[in-house]
Amino acid sequence: MEVRRFFMRRLGSGTTFRRVARALHTPTMCVSVRPLSCLPSGTPDQTVAKQQQHAPCLMANLTCKKNFWQGRANMCTASHTTLDPSEMKKFQSLANRWWNEQGEFAALHSMNDLRVPFIRDNLLNRNGRRKPGSPLSGYKILDVGCGGGLLSEPLGRLGGLVTGIDPLEDSIRTAELHKSFDPVLNNQIHYRSCLLEDITEEAAETFDAVVASEVVEHVNDLETFISSCYEVLKPGASLFITTINKTNLSFSLAIVVAESFLKIVPSGTHDWDKFVSPVDLERILESNGFYVESINGMCYNPLSGSWSWIESTAVNYAVHAVKQKAQPEFTETTAEEHQDQTRTSTGTSV
């Protein structure tokens, strides 16, 4: 009886064990896992014999609990990186196809008609600096998840000093090769194969804008990603995001229709569980020191191959957020100090 109570306190019921196994997506290690409350009682010999019969289940329970906590530890470690290895595999086979305007990235090419003016106009409206022919001259822009440079190049042609980063070296090679065809871009764009969190220290408060277009639905840890964006931005600088909402309609259109029927993007490109709603994204942004200036719905027409702005954010949407400037520290002023300051400012004396 004492042994039974000990294991019940330590391991819990069979129902709890099955819940843990399901949560870890691992098969149970026993064919039949029975609650410990079902352990037999009777004479000591009978009890020992029957408990030995249940020993494999008990060991399986212990092993699974150990694996559970090891899994939790691994999750904590993994949560500090934005890299998802499965996403790397998806894009590895496409690394040399970025500049095929009729291929898998055709929708991203046409999206430039919307996202480039979105970035340009919001930056100019906030800062007022305009230079004919090179409106983004002097702006340091970080293009996160730049791929083959589809967005980096038009921003560079507008005068922006663009740094494009991507974890896939093959994509960076494709971007470098395509950039070499236009000598004007050599001084405007710099590419680097790395993760965003790899450069947060060396590039702290460096950029006037960070662009993450069609990226956040592929990262492993959105909180870490947004926090890293905050670190590399100057106070008052802008973060631009385009992504996909997490709705039934987005599942139907962005995954079922776009991937399976129309083949606009390769099958398996998107994972609906990683989609994020505007409400959740705004909450994460605000909790990491941003305030959201605008959220706009976007719509892709597969017949014309063009994008347009719409009111609904049910599927695609764009966000412009701004890094809040540090507030001056509050310093308590005593009544005596206030009187001294008043006398000084008015030129009176005691």
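Draft legend 1. Structural detail: the sheet that holds strand β4 (residues 207–213). Overall, mixed pairing links the eight strands, which are arranged β3-β2-β1-β4-β5-β8-β6-β7 in an open sheet. One side of each edge strand has no neighbouring strand; the edge strands of this open sheet are β3 (189–193) and β7 (306–310). Neighbour-to-neighbour, the strand axes of the sheet open up by a mean angle of 20 degrees, direction not taken into account. The sheet contact formed by strand β6 (residues 290–301) and strand β8 (residues 316–323) spans eight bridges and is antiparallel. Looking at the pairing, Ile295 lines up with Val319 of β8. This element, helix α9 (residues 222–232), spans β1 (140–144), β4, β5 (233–244), β6 and β8 of the sheet and lies at about 145 degrees to β5.

Draft legend 2. Here's a closer look at the pairing of β5. In terms of burial, β5 is a largely internal element, ten of the twelve residues being buried. Sheet analysis places β4 next to β5, joined by six bridges and oriented parallel. What sits directly across from Ser213, in β5, is Thr242. In this view, the connection linking β4 to its parallel neighbour β5 by way of α9 has right-handed handedness. Relative to β8, β5 runs antiparallel, the two being bridged by seven bridges. By the bridge assignment for β8, Ile244 is matched with Asn316.

Draft legend 3. Local environment of the side chain of His320. For His320, the position within the fold is in strand β8. A polar contact is formed between the side chain of His320 and the side chain of Asn122, at a distance of 3.3 Å. A distance of 2.8 Å separates polar atoms of two side chains, one belonging to His320 and the other to Ser238. If sequence neighbours within four positions are ignored, His320 has contacts with Phe118, Asn122, Arg126, Ser238, Leu239, Phe240, Val292, Glu293 and Ser294.

Draft legend 4. Region of interest: the pairing of β6. Taken together, the five bridges between β6 and β7 define a ladder with antiparallel strand orientation. Note that in β7 the partner of Met298 across the bridge is Trp309. The hairpin turn running from β6 into β7, its antiparallel successor, is four residues long, and Gly305 in that turn takes a positive phi close to 70 degrees.

Draft legend 5. Highlighting unusual backbone geometry. We note that Glu205 has phi near 50 degrees; this positive angle belongs to a residue other than glycine. The topology assignment puts Glu205 in the loop between β3 and β4. Exposure remark for Glu205: the relative accessible area of 46% places this residue in the partly exposed category. Phi at Glu214 takes a positive value of approximately 55 degrees, unusual for a residue other than glycine. Inspection of the secondary structure assignment puts Glu214 in the loop between β4 and α9.

Cut-offs and rules
- Residues numbered from 1 in each chain as written.
- Predicted model: local features only at pLDDT ≥ 70, side-chain atom pairs only at ≥ 80, totals over all residues.
- Heavy atoms only, no water.
- Pairing = 2+ DSSP bridges.
- Helix = DSSP H or I, 4+ residues; strand = E, 2+ residues; numbered from the N terminus.
- Axes fitted to C-alpha atoms, helices over the stretch in contact; angles between N-to-C directions.
- Contact = heavy atoms within 4.5 Å.
- Buried < 20%, exposed > 50% of the residue type's maximum accessible area, 1.4 Å probe, protein only.
- Right-handed = clockwise from strand over helix to strand, strands pointing away.
- Polar contact = N/O pair within 3.5 Å; in protein donor to acceptor, adjacent residues only side chain to side chain.

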